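# Topology and contacts: notes
Chain by chain, the residues run as shown.
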Amino acid sequence: MLQIRNLRKSFGDLQVLKSIDLDVNKGDVVAILGPSGSGKTTMLRCLNFLEKSDGGTMLFDDQRVDLARVTHAEANALRRRTGFVFQSYNLFANKTALQNVTEGLIIARKMPRRRAEEIARAALVKVGMDDRADYYPSQLSGGQQQRVAIARAIAADPEIIYFDEPTSALDPELTGEVLAVMRSLAGEGRTMLVVTHEMDFARHAANRVVFMEQGVIVEQNTAEAFFNDPQQPRTKEFLQTYKQRSLL
Amino acid sequence: MSERLWGILVDSFGKILLPGLTVTIPLTAISFTLALIIAVAVALVQFAHVPVLQRLARFYIWVIRGTPVLVQLFVVFYGLPGVGILIEPFPAAVLVFSINEGAYCAETIRAALESVPKGQMEAGQCVGMSYLQIIRRIILPQALRTAFPTLASTLIAMVKDTSLAANITVTEMFMTTQRIVARTYEPLALYIEVGLVYLLFCTVLTRLQAVGERYLNSKGAQRS
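Predicted model only: the values in this text are computed from it and were never measured.

Scoring rules and cut-offs
- Residues numbered from 1 in each chain as written.
- Chains lettered and ligands numbered in written order.
- Predicted model: local features only at pLDDT ≥ 70, side-chain atom pairs only at ≥ 80, totals over all residues.
- Heavy atoms only, no water.
- Helix = DSSP H or I, 4+ residues; strand = E, 2+ residues; numbered from the N terminus.
- Rg over C-alpha atoms; globule rule 2.2 N^0.38 Å.
- Buried < 20%, exposed > 50% of the residue type's maximum accessible area, 1.4 Å probe, protein only.
- Contact = heavy atoms within 4.5 Å.
- Areas by Shrake-Rupley, 256 points an atom, 1.4 Å probe, with all protein chains shown as cover.
- Pairing = 2+ DSSP bridges.
- Axes fitted to C-alpha atoms, helices over the stretch in contact; angles between N-to-C directions.
- Polar contact = N/O pair within 3.5 Å; in protein donor to acceptor, adjacent residues only side chain to side chain.
- Disulfide = S-S within 2.5 Å.
- UniProt positions renumbered as here; feature names shortened; annotations may be inferred.
- Buried area = accessible area lost by both parts, 1.4 Å probe.
- Salt bridge = Lys/Arg side-chain N within 4 Å of Asp/Glu carboxyl O.
- Arc of directions from axis to C-beta.
- Core = buried A, V, L, I, M, F, W, Y, C linked by side-chain atoms within 4.5 Å.

### Focus on the overall build of chain A
- For chain A, the count of helices and strands is nine helices and ten strands.
- In terms of C-alpha radius of gyration, chain A reaches 18 Å, essentially the compact-globule figure of 18 Å for 248 residues.
- Along the first, second and third principal axes, the C-alpha set of chain A runs to 55 × 45 × 30 Å.
- Sorting the 248 residues of chain A into buried and exposed places 55% on the buried side.
- Residue pairs at least 24 apart in sequence account for 64% of intrachain contacts in chain A once pairs closer than 6 positions are excluded.
- When the accessible surface of chain A is summed, it comes to about 10,600 Å², and 45% of that surface belongs to carbon and sulfur atoms.

In structure tokens form, the structure reads like this:
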């Protein structure tokens, strides 16, 4: 359902993404792994037009866009078909948990308030945050904020959800509660692209793994094959460091 | 204190307070409201980098902040009639104070807009909101919360600055006091008295500021 061809992006002289090709099928849970600075986050941000790509094409279902020449209208239309979860949550600081979820539905999608609140409450139930619906972000823990952010991302029933290192800012206990929510979403058959350092999630909740380094996709495979039978020397080395630290 | 002086002070208190309530406070309230409207507009065109308007905004701030408000009052009230523009004292004062304070408040609000984390804009984009929707519903409310204490300070300063309007024949508190002094020859006591009335007004505003900040904090606007 998502096909990326020849995605390129530079920051000044630094080429961050060098011709990325990526295919995502409906229901795929794709874990994007790789060392820091490999371009994972930039790729995800390019896919949702938070960064402007230098070149490449995107085919989203039947909608084709030239990534370097995308218009505001095209970007906005595609963003409404996706959800995005940030590393730093980015909940609207001046809105309650419930309002964070309803805001996009009511303002961007012109949904009647009552209907939007029903959907938002259901989304908050799904992430286990319905009892905190009237709390402001500053009154919630990091894990709780991220769960609300996930509720916000899934409220409009997006076709793909992008996760940008959703647990990197959380301690291990809070990481657990966020990963549990993500596992349940994966179990529902949602299509997800997850930039992460959580090997356990990649191994058990994802069905595919993409390994990136220095702006290129070094290896991609099913999760099982990737962890049990890595092909590239660089991938083996990467997995080895985790094994040595008994994290795998 | 002599009985005569005491009598003058008691007698003049009402006479000073009255133009305070009927001139100083309306002058401040109207000018500050207009200043805020100007400031939000001027700050937003800079924040959004609107071509041309952005440069006009910088020019406006440069000129207004670089010249004394007293000079601005004189230009408008004594100068403009020379080119056929006659403005009554009170509207002239409103015009000058709102344009003057608008420049300062614009800088306060621009700084507050820029202090809102970039992620707020990105999150708005990701839920499909338009740029203007995000500015109006997410960025601006947070910026105004940040700017609130500084804006309150500006308002308090403005209450006192309105005394300069005496120079363009606005019969506000200070001019009224000057007239009483001319009649009674008690400058020390009477100028201290009018000072205390300004202090009273500003004390009320300071209290209101504290109440306002508490209210805003209860609305979750402080950042985690």
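### A short note on the sheet that holds strand 5 (residues 63-66) of chain A
All names here are of chain A.
- An order of 2-1-4-5 is seen for the four strands of this open sheet, with the pairing classed as antiparallel. Only two strands of the sheet have a single neighbouring strand rather than two, namely strand 2 (14-24) and strand 5. Neighbour to neighbour, the strand axes of the sheet diverge by 15° on average, direction disregarded.
- With five bridges joining them, strand 1 (residues 2-11) and strand 4 (residues 55-60) adopt antiparallel strand pairing. When the sheet's bridge partners are listed, Arg5 is paired in strand 4 with Thr57.
- Together, strand 1, strand 2 and strand 4 form the strand contacts of helix 1 (residues 40-47), whose direction differs from that of strand 1 by roughly 115°.

### A word on the side chain of B:Gln142
Residue and element names in this part refer to chain B.
- Along the chain, Gln142 falls in helix 6 (residues 131-161).
- A residue is classified by how much of its surface remains accessible, and Gln142, at 3% relative accessible area, is buried.
- Polar side-chain contacts of Gln142 include one of 2.8 Å to the side chain of Gln120.

### Brief notes about the state of the cysteines
- Counted according to the given criterion, the structure contains zero disulfides over all chains.
- The structure places no disulfide on A:Cys46, whose sulfur is separated from the nearest cysteine sulfur, that of B:Cys126, by 13 Å.
- Judged by relative accessible area, which is 0%, A:Cys46 ranks as buried.
- In this structure B:Cys105 is a free cysteine whose sulfur lies 15 Å from that of B:Cys202, the closest cysteine sulfur available.

### A closer look at the sheet that holds strand 7 (residues 160-164) of chain A
All names here are of chain A.
- Pairing is mixed in the open sheet, where six strands are placed in the order 6-7-8-3-9-10. Two strands bound the open sheet, and with one partner strand each, they are strand 6 (82-85) and strand 10 (216-222). The average angle at which neighbouring strand axes cross in this sheet is 15°, direction not considered.
- Bridge count for strand 9 (residues 208-213) against strand 10 is six bridges, and the pairing is antiparallel. Counted as the bridge partner of Met212 is Ile217 from strand 10.

### Concerning the UniProt feature "domain: ABC transporter" (unreviewed entry) in chain A
- The UniProt record marks residues 2-239 of chain A with the feature "domain: ABC transporter" (unreviewed entry), using the residue numbering of this structure.
- Regarding residues 2-239 of chain A, the helix share stands at 38% and the strand share at 26%, and the terminal C-alpha atoms are separated by 27 Å.

### Details of the interface of chain A and chain B
- At the junction of the two partners, chain A supplies 25 residues and chain B supplies 24 residues.
- Interface area for chain A against chain B, summed over the two sides, is near 2,100 Å², with a carbon-plus-sulfur share of 53%.
- Between chain A and chain B we count two salt bridges in total.
- Measuring nitrogen to oxygen at the nearest pair gives 2.6 Å for the salt bridge that ties B:Glu122 to A:Arg45.

### Some words on the pairing of strand 9 of chain A
Residue and element names in this part refer to chain A.
- Among the six residues of strand 9, six are classified as buried, and the element is accordingly described as predominantly covered.
- Alternating positions in strand 9 separate into two faces, Arg208, Val210 and Met212 on one and Val209, Phe211 and Glu213 on the other, with burial throughout.
- Strand direction decides the pairing type here: strand 3 (residues 29-33) and strand 9, joined by four bridges, are parallel. Considered in strand 9, the bridge of Ala31 is made with Val209.
- Taken together, strand 9 and the strand that follows it, strand 10, pair antiparallel across an intervening segment of two residues, in which Gln214 is found at a positive phi of about 45°.

### Notes on helix 2 (residues 72-79) of chain A
- Among the residues making up helix 2 of chain A, those that are buried are A:Ala75, A:Asn76, A:Leu78 and A:Arg79. In an axial view of helix 2 of chain A, the angular spread of the buried residues amounts to 165°, which keeps them on one side of the axis.
- In this structure, the buried side of helix 2 of chain A is in contact with strand 4, strand 5 and strand 6 of chain A together with helix 5 (118-126) of chain B.

### Quick notes on the nonpolar core
- Ranked by internal contacts, the top residues of the largest apolar core, which has 131 residues, are A:Leu2, A:Met58, A:Ile150 and A:Met192.
- Take this core: its biggest share by element is eleven residues, from helix 4 (residues 89-115) of chain B.

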